[in-house]
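A look at the structure
What follows is the residue order along each chain.
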Amino acid sequence: QVVGIVAAQGREDDNTVELRRMSVDSRFRGKGIAKALGRRVLEFAMLNNYSAVVLGTTAVKMAAHKLYESLGFRRVGETEDYTLPGMTRSPLERLFFQIRYSRYRLQLHE
């Protein structure tokens, strides 16, 4: 039974791994599964000599941010008025969709 997923992508241009997606079925949260998935990405990055792991998130739940920080990530930036792919930035969208986008980085080595 699949209860969680993680997806990461190596980026040759800056020798980093981008953690692209991570999700755990709500019935299985709080059991350390997300932390184990995150550690797997870190292991992959270290074994393949990437210099850092980066991610961006629009998560509003503090649990997601605490998870990243518990894995060693540090917040390196934040955008208050982020536009999701497919958004038109119409006045109506800007009124109802004020999205905060946080960027994180975990430096592995130089």
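What you are looking at is a predicted structure, and each value in this text was computed from that prediction instead of being measured. (Residues numbered from 1 in each chain as written. Predicted model: local features only at pLDDT ≥ 70, side-chain atom pairs only at ≥ 80, totals over all residues. Heavy atoms only, no water.)

In this section: the packing of aromatic side chains. Enumeration over the complete set of coordinates arrives at 3 aromatic pairs. Centre to centre, the rings of Y68 and Y104 are 5.6 Å apart; their planes meet at 55°, and the pair counts as tilted. Of this pair, Y68 sits in helix α2 (residues 62-70) while Y104 is found in strand β5 (residues 99-107), placing the two residues 36 residues apart along the sequence. You can call Y104 buried: its relative accessible area is 1%. Through successive ring pairs, a cluster of aromatic residues spans Y68, F73 and Y104. (Phe/Tyr/Trp six-rings, centres within 6.5 Å; stacked < 30°, edge-to-face > 60°. Helix = DSSP H or I, 4+ residues; strand = E, 2+ residues; numbered from the N terminus. Buried < 20%, exposed > 50% of the residue type's maximum accessible area, 1.4 Å probe, protein only.)

Pairing between strand β3 (residues 52-57) and β5: 6 bridges, direction antiparallel. Each residue of the ladder has a partner; that of V53, found in β5, is L106. For strand β4 (residues 74-82) and β5, the ladder comprises 6 bridges, and the chain directions are antiparallel. Counted as the bridge partner of Y82 is I99 from β5. (Pairing = 2+ DSSP bridges.)

The volume enclosed by the largest pocket comes to roughly 900 Å³. Forming the boundary of the largest pocket are 29 residues, of which M22, T57, A59, A64 and Y68 lie nearest the centre. In the lining of the largest pocket, the residues fall into 16 nonpolar, 6 polar and 7 charged. (1 Å grid on protein atoms, 1.4 Å probe; cavity = no way out; pocket = protein on both sides within 12 Å on 5 of 7 lines; lining within 4 Å. Points joined across faces, edges and corners; volume = space filled by probe spheres on them. Nonpolar A, V, L, I, M, F, W, Y, C, P; charged D, E, K, R; others polar.)

Our focus in this paragraph is helix α1 (residues 33-47). Residues three or four positions apart in an α-helix share a direction because the helix packs 3.6 residues into each turn. Look at α1: 21 Å from first C-alpha to last across 15 residues, which is about the 21 Å you get at 1.5 Å a residue. Where α1 is concerned, the buried positions are L37, G38, V41, L42 and A45. One side of α1 carries all its buried residues, which in axial view fall inside an arc of 140°. Facing away from the buried side of α1 by more than 90 degrees, the exposed set consists of R40, M46 and L47. Buried residues along α1 sit against β1 (4-11), β2 (16-24), β3 and β5. (Expected span 1.5 Å × (residues − 1). Arc of directions from axis to C-beta. Contact = heavy atoms within 4.5 Å.)

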